[in-house]
Amino acid sequence: MTTTAQQHDHARPLNRQDYKTLSLAALGGALEFYDFIIFVFFAVVIGELFFPADIPEWLRQFQTFGIFAAGYLARPLGGIIMAHFGDLIGRKRMFTLSILLMALPTLLIGLLPTYAVLGIGAPLALLGLRILQGAAIGGEVPGAWVFVAEHVPARRVGLACGTLTAGLTAGILLGSLIATAVNKSLTPAEVSDWGWRVPFLLGGIFGIVAMYLRRWLHETPVFAEMQANKALAEELPLKTVLRNHKGSVVISMLLTWLLSAGIVVVILMTPTYLQKVHGISPADALTANSLAILALTLGCILYGRLIDAIGSGPTFMLGSLLLAGASYAFYHGLAAGTDLLVPLYMLAGFAVGIVGAVPYVMVNAFPAVVRFSGLSFSYNVAYAIFGGLTPMLVTLWMKNDMLAPSHYVVSLSALGFAIGLLLWLQQRQKAPQAA
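Residues numbered from 1 in each chain as written. Predicted model: local features only at pLDDT ≥ 70, side-chain atom pairs only at ≥ 80, totals over all residues. Heavy atoms only, no water.

**Digging into the layout of surface pockets**
Argument step 1. Quantified by volume, the second largest pocket comes out at close to 480 Å³.
Argument step 2. Lining the second largest pocket we find 13 residues, and of these Ser312, Asn364, Leu423, Gln426 and Lys430 sit closest to its centre.
Argument step 3. Among the secondary structure elements, those contributing two or more residues to the lining of the second largest pocket are α13 (246-278), α17 (358-365) and α19 (404-434).
Argument step 4. Residues belonging to the lining of the second largest pocket are distributed by class as follows: five nonpolar, seven polar and one charged. (1 Å grid on protein atoms, 1.4 Å probe; cavity = no way out; pocket = protein on both sides within 12 Å on 5 of 7 lines; lining within 4 Å. Points joined across faces, edges and corners; volume = space filled by probe spheres on them. Helix = DSSP H or I, 4+ residues; strand = E, 2+ residues; numbered from the N terminus. Nonpolar A, V, L, I, M, F, W, Y, C, P; charged D, E, K, R; others polar.)

This is the structure we're talking about:
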């Protein structure tokens, strides 16, 4: 559904206010994603400090990653609640609330007493704070996509969503760089004693600064127009989504599956894969991973521009073919040797940039009156399922097939191509009607 404001602005170029909105939204998204992801870089130390010393190592790591996973499981609930109010009282209020909900728990994790001081209360407090972080990120990501998409001209929505997604991936890179800096500048004893707290305290400060900066953002013109025309949802927005927009929910969930495959397998799981399967040193694996994330960040922006230029169907067909080819070349290339590790990993990272085009489709799949709820429900529920199950599925698959990460990503690329073909056919059907 295109509003009068969007129709009027369709052809104008991006102005200074648009760039300011994009910059502040992307910066806030990067800092908030950093807060959410930093936990995983210190999982080993946290496991040692927040659980009894006499439990088996496998149980300690299982419980630690269980607390990490709780953040993912909390995403749908937080996202649905925040999206509900975002559709009824405003995008900006929820956009600001999400960063506060992230900053405070991150700061408190950095100040939390360990098991030696607090006993069983320590892991329980950590779990509670992690759930709050998950609820916050569940509202932040969909809210940010809707916020920037409703601010810019209609023919720049792809670039806006791609730039915002690039900001989120930059948050992962920031987490990796700060974790590396802490581990290189401190001894293992210092990291365990107090050094692990520094990234969380920094994250809390980052979040409070980002929340302050978001004070300068304005409510989206689309929501303001709906509010002025008294055209807001008259019933529970999610009820409308599930009754009237099932097809859009399915497409959005399948695209989220493609997104989670690229991010979870190629970006988050591969550093461990490089070390365990190919014997690459942690330092070399993290360096290659950081360069791949840089390429991913660039890819998100370029795919955002491409989808504005040629539409969603051709973009996903081309992007999925590149993702399949680059992933196959990377993982099979490693089997032959590690000489081309960095260029092949950077190419694979760039190809994962197709995730920057995903929010464009989701933002346009739902009418403005229930857009936040539709996008948030589809994205968060799908990410909780696929983001949570993918590591386990790929790990089990690797017992019989060391190239399982490649085969999984190629399979999802085939799904991405099929969705692109469907979107292209829908685009062609609409063209004669529009004429």
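**Some remarks on the packing of aromatic side chains**
Argument step 1. Throughout the structure, instances matching the rule amount to 11 aromatic pairs.
Argument step 2. When the ring of tyrosine 303 is compared with that of phenylalanine 350, the centres are 6.2 Å apart and the planes differ by 35 degrees; the resulting orientation is tilted. Of this pair, tyrosine 303 sits in helix α14 (residues 282-310) while phenylalanine 350 sits in helix α16 (residues 341-352), and the two are 47 residues apart along the sequence.
Argument step 3. On the basis of relative accessible area, tyrosine 303 is assigned to the buried category, the value being 7%. (Phe/Tyr/Trp six-rings, centres within 6.5 Å; stacked < 30°, edge-to-face > 60°. Buried < 20%, exposed > 50% of the residue type's maximum accessible area, 1.4 Å probe, protein only.)

**A short note on the confidence of the model for the chain**
Argument step 1. Confidence along the chain averages 86 in pLDDT terms, with 94% of residues attaining 70 or more.
Argument step 2. Per-element mean pLDDT across the chain ranges from 47 in helix α1 (residues 4-9) up to 96 in α16. (pLDDT = per-residue confidence, 0-100.)

**Describing the side chain of threonine 270**
Argument step 1. Among the structural elements, threonine 270 can be located in helix α13.
Argument step 2. Engagement of the side chain of threonine 270 in a polar contact is seen with the backbone oxygen of valine 265, the distance being 2.7 Å.
Argument step 3. What threonine 270 contacts, discounting residues up to four positions off in sequence, is Val265, Phe330, Tyr331 and Tyr345. (Polar contact = N/O pair within 3.5 Å; in protein donor to acceptor, adjacent residues only side chain to side chain. Contact = heavy atoms within 4.5 Å.)

**Section: helix α5 (residues 91-111)**
Argument step 1. Between its terminal C-alpha atoms α5 stretches 31 Å, which fits the 30 Å expected from 21 residues at 1.5 Å a residue.
Argument step 2. Three or more residues of α5 are buried, namely Arg91, Met94, Phe95, Ser98, Ile99, Met102, Ala103, Pro105, Thr106, Ile109 and Gly110. (Expected span 1.5 Å × (residues − 1).)

**Considering empty space enclosed by the protein**
In this approach a probe as big as a water molecule rolls over the atoms, and the regions it shows empty are the leftover space.
Argument step 1. Under the counting rule described, the total for this entry stands at two cavities of 30 Å³ or more.
Argument step 2. Put simply, the largest cavity is a space of about 110 Å³.
Argument step 3. In terms of lining, the largest cavity is formed by Phe33, Trp145, Thr165, Leu168, Thr169, Ile172, Leu259, Ile263, Val355, Tyr379 and Tyr383.
Argument step 4. Element by element, the count of residues in the lining of the largest cavity is highest for helix α8 (residues 157-185), at four residues.

**Focus on a nonpolar patch on the surface**
Argument step 1. A cluster of nonpolar side chains, Leu77, Ile81, Phe85 and Ile89, forms an exposed patch at the surface whose accessible area comes to about 360 Å².
Argument step 2. Relative to the assigned elements, leucine 77 resides in helix α4 (residues 57-88). (Patch = residues over 30% accessible without salt bridge, like charges linked within 9 Å, V, L, I, M, F, W, Y side chains within 5 Å. Areas by Shrake-Rupley, 256 points an atom, 1.4 Å probe, with all protein chains shown as cover. Salt bridge = Lys/Arg side-chain N within 4 Å of Asp/Glu carboxyl O.)

**Considerations on the environment of asparagine 289**
Argument step 1. Tracing the backbone through its elements, the reader meets asparagine 289 in helix α14.
Argument step 2. For asparagine 289, the residues in contact, after removing those within four places along its chain, are Ile267, Pro271 and Tyr345.
Argument step 3. A polar contact is formed between the side chain of asparagine 289 and the backbone oxygen of isoleucine 267, at a distance of 2.9 Å.
Argument step 4. Here tyrosine 345 takes part through its side chain, which lies 2.9 Å from a polar atom of the side chain of asparagine 289.

**Describing the environment of glycine 90**
Argument step 1. For glycine 90, the location among the structural elements is in the loop between α4 and α5.
Argument step 2. Among all residues touching glycine 90, those that are not within four sequence positions of it are Phe85, Glu219 and Phe223.

**A look at the packing of α8 against α14**
In helix packing, the relevant descriptors are the interaxial angle and the interaxial distance, both defined with respect to the helix axes.
Argument step 1. As a packed pair, α8 and α14 sit with axes 7 Å apart at the nearest point and diverge in direction by 170 degrees. Judged by the angle between their axes, α8 and α14 are roughly antiparallel.
Argument step 2. Class assignment for the residues of the contact of α8 with α14 results in 14 nonpolar, 10 polar and two charged. (Axes fitted to C-alpha atoms, helices over the stretch in contact; angles between N-to-C directions. Parallel < 35°, antiparallel > 145°, perpendicular 65-115°, else oblique.)

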